[in-house]
Amino acid sequence: MLPALREARAVSQAPGVWEWNLEDLEGRRGHTVWELLTEIPGVVTLRSGDFGSPMTAFLSGQPGGGLRVFIDGVEQLPVEGSIPDLSRLPLSGLSGVRALRRGTGLEVHLERYEHADPRPYSHIEAGTGDLSTNLLRGVFSLPHAARGKLGLGLERLDTRGRGGDTPGALTLGWIRYSIHKGDEAGLQFELRNVSTDRTDPLVEPESVRRRDWTLRGVWGPTEGTLVSAWATTTSFAAKDSAVLLPSRDTDRRQFGLRLSGEAGDFRIDGTARLNQGDGLVERELTVDGSWAHERGHGIALSAWQQSWDGSSGTGADGRIWLSPLPGFRLFAEGGTGDRAVPFVPLRPSGTVLDSLLMRLETRDPAPRFTHQETVRAGAEIAWRGLMLRGAAVQVEADSVWPTEMPFDRGGAVLPQVKRRGWEAEARLPLWPDGLALKGGLQMWEASDSVSYLYMPEYTYHGSLSFHNTYLPTGNFEMWVDVGAQGRPEMMVPVAASGGSMGSPPTELVPFYQNWFFRLQLRIVTVNIFATVENLSVRAFNQDVPGNLLPRTRSLYGVRWALWN
């Protein structure tokens, strides 16, 4: 195993943190990281079309630059917009997912599965469904290979799409090799290649490829200290070289160093990142510290500085929680600062004259930052499976940028005056054992006629869920969920046409609601799953104007873990 510090208690107990461990992921109701994030109150999730099309998520009112994804601590750099495309982040080969809500954005941390068992390990997932949908995933881990450890992964997901005439596909493959010096040090290399094919009319180009090379080293010089360093390079291009991208083929790199230490209930991390590539912040320094008491008190603080072509942004956020009575907790969290918003470097096309005109009309923007402030405070009750959590929320920003992904590239940038609202999350246990009502809701105070980008008046999710294990051996397990998630109409920016002058347009996408059914049965190590989305067969569900989502979708299959 690569050396690591023990899990920070302050992280797992903190408000604003959602975690899924390996057991949770094995019993998951969804098939992507994106689906996990739909369970968090206040998170706006976007799909620009069916499988293969870009999808993403962010906190309400914080789209541009508001999502960052890290795989084993190494950032997944965005290449088609200001935030990562979550369609390229499957759950295969992961041992844990952590979503961390900060005052100026959402962070998602993915941990790769690395087993210590001397036996080889395989995980196979296969499914099929309507719209000619097919899913195949395979992960193989060999603990002894050329004096190191070898891991391989392959995934293919394809569909004919809504109406059977908008095919899309995602193909992913990765290989990872690591060598270890006991539990003191390790070096790991990984290559990942992801290709997406899509035919949605508003998403171009149709076929793109992303390739990531990562080298990561970890060293634990003493007990309670850890040094991590990494270098990663990312390339992004159209698979067909004859296709003219609206953005340049992109090469981006990151070099990073992290120093970590822990003593008792204290944990501190200092991280330096150096980015290379057009459209990215150049340098970033971050310090994170946390402390937690076993009785349920704690504090976590973070501060950062970002430098970009002579400009800089600084900020800080933190959270504190107190448990004056067993099962009762008070908490507050917030942040303020200037956060960088990455952009997509534009590419001239056509004749020499067209190229010159395009450079004049759509030249790359200068470094850009958005100043944001967020405060959240509330209370939580947890007792015998019952959980009630509520909080008041206040947000403000001087500028709100679109995601800059293909469906809103060049869209409107608007200010966001101070807005207030509240959020709630609950779990109510029922009879029989294992049955519960679960849900979350975020609402904003009624607004005037001002348009707020990606900030619906409310978002919600709720389900009647059942989970229990049977037989003395525990070899039979069942999960069942019936529920809904949705939002009212939402103002979104519309991608500006090339060279267009004047104010970029905005549009309303209509009310969205998705009733779902999910079933999973585990028999020893075989999981049988079935999911149905949009049970009410709503015809006009969409997150991007004009790009309708499937009226309904079913997917069923098996997951099988094998120790060879």
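Because the structure is a prediction, the values reported are computed rather than measured. (Residues numbered from 1 in each chain as written. Predicted model: local features only at pLDDT ≥ 70, side-chain atom pairs only at ≥ 80, totals over all residues. Heavy atoms only, no water.)

As summarised here, the arrangement of the five strands in space is β1-β6-β7-β4-β5, forming an open sheet in which the pairing is mixed. Edge positions in the sheet fall to β1 (17–20) and β5 (74–75), since each has one partner strand and no second. Across four bridges, β1 lies against strand β6 (residues 94–102) in antiparallel orientation. Bridging from a neighbouring strand, E19 pairs with R98 of β6. (Pairing = 2+ DSSP bridges. Helix = DSSP H or I, 4+ residues; strand = E, 2+ residues; numbered from the N terminus.)

In terms of nonpolar packing, the biggest core is built from 35 residues, with W20, L37, L86, V97, V108 and L110 touching the most fellow members. Each residue touching L86, except ones within four places of it in the same chain, is listed here: W34, L37, M55, T56, A57, L67 and V69. Grouped together as the second largest cluster of nonpolar side chains are eight residues, V17, A292, A300 and F331 included. (Core = buried A, V, L, I, M, F, W, Y, C linked by side-chain atoms within 4.5 Å. Buried < 20%, exposed > 50% of the residue type's maximum accessible area, 1.4 Å probe, protein only. Contact = heavy atoms within 4.5 Å.)

All right, on to the pairing of strand β3 (residues 55–59) then. Counting buried positions along β3 gives five out of five residues, so the element sits mostly inside the fold. Judged by which residues are buried, β3 turns out to be covered on both faces: M55, A57 and L59 on one side and T56 and F58 on the other are all buried.

Attention now goes to the pairing of strand β26 (residues 476–487). Here strand β25 (residues 458–470) runs beside β26; their pairing, made up of 11 bridges, is antiparallel. By the bridge assignment, H467 is partnered in β26 with W479. Hairpin connection, β25 to β26: the antiparallel pair is bridged by five residues, and L471 has positive phi, about 75°. Where β26 and strand β29 (residues 512–523) come together, 12 bridges link them in antiparallel fashion. Looking at β29, one finds that M478 is bridged to L521.

This part is about a nonpolar patch on the surface. On the surface, I179, L187, F189, W213 and L215 cluster together into a nonpolar patch covering about 420 Å² of accessible area. If you list the elements that add at least two residues to the nonpolar patch, you get β12 (185–197) and β13 (207–219). Along the chain, L187 turns up in strand β12. (Patch = residues over 30% accessible without salt bridge, like charges linked within 9 Å, V, L, I, M, F, W, Y side chains within 5 Å. Areas by Shrake-Rupley, 256 points an atom, 1.4 Å probe, with all protein chains shown as cover. Salt bridge = Lys/Arg side-chain N within 4 Å of Asp/Glu carboxyl O.)

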